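Coordinates in review
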Amino acid sequence: MLNSWRGSAVVGKSYVGTGRHKYGRRSIVDTEKKRMINSTAVHARRNAFAPRREHMKLLLRREERSLEEILIDEILGGAGNGRRCGPGIHEILYSASPAMNALGYGRGFYIGGVLYSRGGRRGIRVLDTMLARAGMGGLLYYPFRELAVVKSTSQARAFPAGPGLHSYEAGVIAGYFSASTSRMMSAEESECRYGGGTACRFEIKRVTAERHSSECISPYELVGAAAASVMTCGDGCSADEEYSILSVMPLLRSEALEGASGLSFAVGSKLAEMAGENDWETVIDSAARFFGLKHGKVIKGVGNKKSSVLLRYGPCNSDEAFVDISSAMFVGFLSKAFGSKVRMRKWLDAKGRYAVRLTTQNQ
């Protein structure tokens with residue numbers, strides 16, 4: 001984009017035999033009339049290109065932003081719904097082990113600091129917007145003398161996953177308040193709607209000791225909770241595309257990617273047990289909503305052609321590693337439901353976004 005802009009900005013032409021400089025400086029011909037004409041042309045040309053110079057500066061500033069900053073700006077300036085009825089993929093993955101829990105909190109802490117720096121005069125409203133896009137509803141903020149409390153207004157129903165699923169969001173809150181107060185703060189979730197609480201409640205305090213990871217549930221319970229969450233993603237419930245990719249970015253560039261894909265596959269297999277024989281189209285749609293995909297639908301086969309599943313990704317979550325994590329759930333579901341191997345083909349469409357087609361051998 002920057003190169004194309006430069007190519008279109010023709011600064012000046014060279015005129016042979018007039019004595020005029022190719023960059024539009026005043027003529028060296030010693031005639032008052034020509035001096036006035038040249039001077040007028042220079043000012044007109046400079047004014048004409050002033051907006052383009054400002055546009056170039058804007059592009060350079062955009063190029064300097066990190067991917068996290070770009071996603072945060074999209075979240076703060078967008079209008080995503082963030083309506084989720086249960087735990088999202090990042091909450092499930094960060095609950096898999098104490099190490100994953102610490103990874104989610106630590107990366108969330110960094111994002112909270114970036115969020116504060118991008119917020120400007122909007123203050124704590126940027127934190128409210130960020131967590132609303134996470135599916136937590138609006139925030140209620142209660143500052144006290146020794147601590148502060150942030151409470152969500154979402155009324156999502158409880159899940160069999162226990163408390164402490166919001167390690168990433170706890171990190172975001174701690175990072176935001178640490179940056180805003182210039183003091184090291186921590187945030188711990190003392191009550192969680194997924195654990196049967198009325199809302200999610202985070203207590204913010206000065207750091208006095210090393211943070212301990214939340215207690216993790218068994219892998220079997222975690223897979224069951226994730227499958228239950230997928231099954232609730234019907235009409236009017238969908239993960240936010242920008243927030244979904246932002247929250248799992250620590251996993252996409254780490255050694256945990258393979259384990260995350262394996263857990264996603266196991267959730268897909270569990271879905272096949274829960275869905276029944278004739279409900280797989282509904283499961284495909286729900287799983288696509290769970291990941292915040294552009295769409296996931298069943299393509300019916302005609303004649304000898306087999307039916308297949310087509311997944312399309314949006315401009316923000318079209319990341320190859322994210323494609324691997326999300327598609328693993330669909331592969332797990334199809335392979336379990338049909339007792340067959342699944343053929344997977346992925347490609348980039350004309351807009352540079354990923355598409356995936358999954359076909360089973362036995363249908």
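Focus on the overall build of the chain
A count of helices and strands for the chain gives 12 helices and eight strands. Counting all 363 residues of the chain, 44% fall into the buried class. If you take every contact in the chain between residues at least 6 apart in sequence, the share linking residues at least 24 apart comes to 70%. Surface exposure of the chain reaches about 19,000 Å², of which carbon and sulfur atoms provide 52%.

Things to note about the sheet that holds strand 5 (residues 295–299)
Strand order in the open sheet made by the four strands is 5-6-8-7, with antiparallel pairing throughout. With partners counted over all chains shown, the strands left at the sheet margins are strand 5 and strand 7 (342–348), one partner each. On average, each strand axis in the sheet is tilted by 15° relative to the strand beside it, whichever way the strands run. Bridge count between strand 5 and strand 6 (residues 308–312): five bridges; the pairing is antiparallel. Bridged to I299 within strand 6 is S308. Running at roughly 160° to strand 5, helix 11 (residues 280–291) makes contact with strand 5 and strand 6 of the sheet.

Concerning helix 5 (residues 98–119)
Counted at 1.5 Å a residue, the expected span for helix 5 with its 22 residues is 32 Å, and the 31 Å between its end C-alpha atoms agrees. What helix 5 keeps buried is the set M100, N101, G104, Y105, G108, I111, G112, V114, L115 and G119. Buried residues along helix 5 sit against helix 3 (67–77), helix 4 (89–93), helix 6 (125–136), helix 7 (167–181), strand 3 (185–191) and helix 9 (241–252). Directly after helix 5, the chain includes G120, whose backbone phi takes a positive value near 60°.

Thoughts on the packing of helix 9 against helix 12 (residues 320–338)
A pair of packed helices can be characterised by two numbers: the angle between their axes and the separation between those axes. Relative to each other, helix 9 and helix 12 sit at 95°, their axes nearing to 10 Å. One element, helix 9, and the other, helix 12, form an angle in the roughly perpendicular class. Side by side, helix 9 and helix 12 meet where I245, V248 and L252 of the first sit next to A321, F322 and I325 of the second. Residues belonging to the contact of helix 9 with helix 12 are distributed by class as follows: six nonpolar, no polar and no charged.

Concerning the packing of aromatic side chains
Considering all chains together, one arrives at nine aromatic pairs under this definition. Here Y176 and F177 contribute two aromatic rings whose centre-to-centre distance is 5.4 Å and whose plane-to-plane angle is 85°, an arrangement assigned as edge-to-face. Each of the two residues, Y176 as well as F177, counts as buried. Summarising the aromatic geometry, the rings of W280 and F338 are spaced 5.1 Å apart at their centres and angled 80° between planes, so their arrangement reads as edge-to-face.

What about the pairing of strand 1 (residues 139–143)?
Sheet analysis places strand 1 next to strand 2 (residues 148–152), joined by five bridges and oriented antiparallel. Across the sheet, Y142 pairs through a bridge with V149, a residue of strand 2. What sits between the antiparallel neighbours strand 1 and strand 2 is a turn of four residues.

Remarks on helix 6
Helix length check: helix 6 (12 residues) gives 14 Å between terminal C-alpha atoms against 16 Å at 1.5 Å per residue, more than 12% under. Those residues of helix 6 that sit buried are V126, L127, M130, L131, R133, A134, G135 and M136. Following helix 6 by one or two positions, G137 has its phi on the positive side, about 75°.

Quick word on the pattern of salt bridges
If you walk through the whole model with that rule in mind, you get 13 salt bridges. One salt bridge in this structure joins R118 and E69, with 3.8 Å as the shortest N-O distance. Taken as a pair, R118 in helix 5 and E69 in helix 3 lie far apart in primary sequence, 49 residues in all. Under the relative-accessibility criterion, R118 is labelled partly exposed at 26%. Overlapping salt bridges bring together E69, D73 and R118 as one network.

Quick word on the confidence of the model for the chain
Averaged over all residues, the pLDDT of the chain is 77; the fraction at 70 or higher stands at 72%. Across residues 1–37 the pLDDT falls below 50, and counting only partners more than four positions away or on other chains, this stretch makes 37 contacts in the model. Here residues 55–63 is a poorly scored stretch, pLDDT under 50, and it has seven contacts once near neighbours within four places are set aside; other chains count.

Description of the environment of F333
Tracing the sequence through the fold places F333 in helix 12. Given a relative accessible area of 3%, F333 falls into the buried group. F333 sits 62 residues away from L271 along the chain, and the two C-alpha atoms are 6.1 Å apart. Contact partners of F333, with chain neighbours within four places excluded, come to G268, S269, L271, A272, A275, W280, V283 and I284.

Reading the values: rules and limits
- Residues numbered from 1 in each chain as written.
- Predicted model: local features only at pLDDT ≥ 70, side-chain atom pairs only at ≥ 80, totals over all residues.
- Heavy atoms only, no water.
- Helix = DSSP H or I, 4+ residues; strand = E, 2+ residues; numbered from the N terminus.
- Buried < 20%, exposed > 50% of the residue type's maximum accessible area, 1.4 Å probe, protein only.
- Contact = heavy atoms within 4.5 Å.
- Areas by Shrake-Rupley, 256 points an atom, 1.4 Å probe, with all protein chains shown as cover.
- Pairing = 2+ DSSP bridges.
- Axes fitted to C-alpha atoms, helices over the stretch in contact; angles between N-to-C directions.
- Expected span 1.5 Å × (residues − 1).
- Parallel < 35°, antiparallel > 145°, perpendicular 65-115°, else oblique.
- Nonpolar A, V, L, I, M, F, W, Y, C, P; charged D, E, K, R; others polar.
- Phe/Tyr/Trp six-rings, centres within 6.5 Å; stacked < 30°, edge-to-face > 60°.
- Salt bridge = Lys/Arg side-chain N within 4 Å of Asp/Glu carboxyl O.
- pLDDT = per-residue confidence, 0-100.

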